[in-house]
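Structure at a glance
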Amino acid sequence: MTTSNILGEVWKIVTQAVGRMLLAALTGFVAGAILVEVLAAFFNAGHGQVAVSIIPPSINGSAYTPFVHLVALLFGMVVAIMLAMWVLAIEAVHVVSAVARDATKLAEEALEKGVNSANAVVDALDGPERHGFLGGQEFRTRRDQNG
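Reading the values: rules and limits
- Residues numbered from 1 in each chain as written.
- Predicted model: local features only at pLDDT ≥ 70, side-chain atom pairs only at ≥ 80, totals over all residues.
- Heavy atoms only, no water.
- Helix = DSSP H or I, 4+ residues; strand = E, 2+ residues; numbered from the N terminus.
- Buried < 20%, exposed > 50% of the residue type's maximum accessible area, 1.4 Å probe, protein only.
- Contact = heavy atoms within 4.5 Å.
- Areas by Shrake-Rupley, 256 points an atom, 1.4 Å probe, with all protein chains shown as cover.
- Salt bridge = Lys/Arg side-chain N within 4 Å of Asp/Glu carboxyl O.
- Lys, Arg positive; Asp, Glu negative; His and termini not counted.
- Polar contact = N/O pair within 3.5 Å; in protein donor to acceptor, adjacent residues only side chain to side chain.
- Patch = residues over 30% accessible without salt bridge, like charges linked within 9 Å, V, L, I, M, F, W, Y side chains within 5 Å.

Here we come to the overall build of the chain. Of regular secondary structure, the chain possesses three helices and two strands. When the helices and strands of the chain are listed from N to C terminus, the series reads α-β-β-α-α. When burial is assessed residue by residue, the chain has 22% of its 147 residues classed as buried. Look at the contacts in the chain between residues 6 or more apart in sequence, and 56% of them connect residues 24 or more apart. Working note: accessible area of the chain is about 10,400 Å², and carbon and sulfur atoms make up 72% of it.

This part covers the pattern of salt bridges. Summed over all chains, the structure comprises one salt bridge. Between Glu91 and Arg20 there is a salt bridge, with the nearest N and O atoms lying 3.2 Å from each other. Separated by 71 residues along the polypeptide, Glu91 in helix H2 (residues 66–126) and Arg20 in helix H1 (residues 3–43) bring together distant segments of the chain.

With that settled, the discussion passes to the side chain of Glu37. By the secondary structure assignment, Glu37 is in helix H1. Within the buried set, Glu37 has no salt-bridge partner at all; the shortest N-O distance to an opposite charge, 30 Å, is to Arg20. Looking at Glu37, its side chain comes within polar contact range of the side chain of His69, at 2.8 Å. With residues up to four places along the chain from it excluded, the contact list for Glu37 reads Tyr64, Val68, His69 and Ala72.

Taken together, Leu26, Val30, Ile34, Leu35, Val38, Leu39, Phe42, Phe43 and Phe75 make up a surface patch of nonpolar side chains, about 870 Å² in accessible area. The element that contributes the greatest number of residues to the nonpolar patch is H1, accounting for eight residues. We classify Phe75 as partly exposed; its relative accessible area is 34%.

Right under this line is the structure:
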């Protein structure tokens, strides 16, 4: 695992997160705008008028004013921003966990290379009976038997 692999993985996760945010925002905008328009049909009837009639099926057309459309657009934007921020928070946790997981792998690999280098130096200095600064299996076994 290299740094470029980690950056590639993070880029993939971030682009997926942006796509999910845009999808959530679009869904929230449409749902919020439709909700206001439907509620306007029920609650924005004039005095003495019925907003929605079941028999005969009809909807009062005077309920849809430019103000209702403006409120529907604004409410749709609010819902879109709310859902996009919610998805952003969730995806941020996913990105942080992925970076932490990959950084842990990278640190383990770097530490393993360092330990192997140190073992080679100790082997060169101490001779073949010790097998590294951590001690080989033979060294641990002899020490445990003697003491």
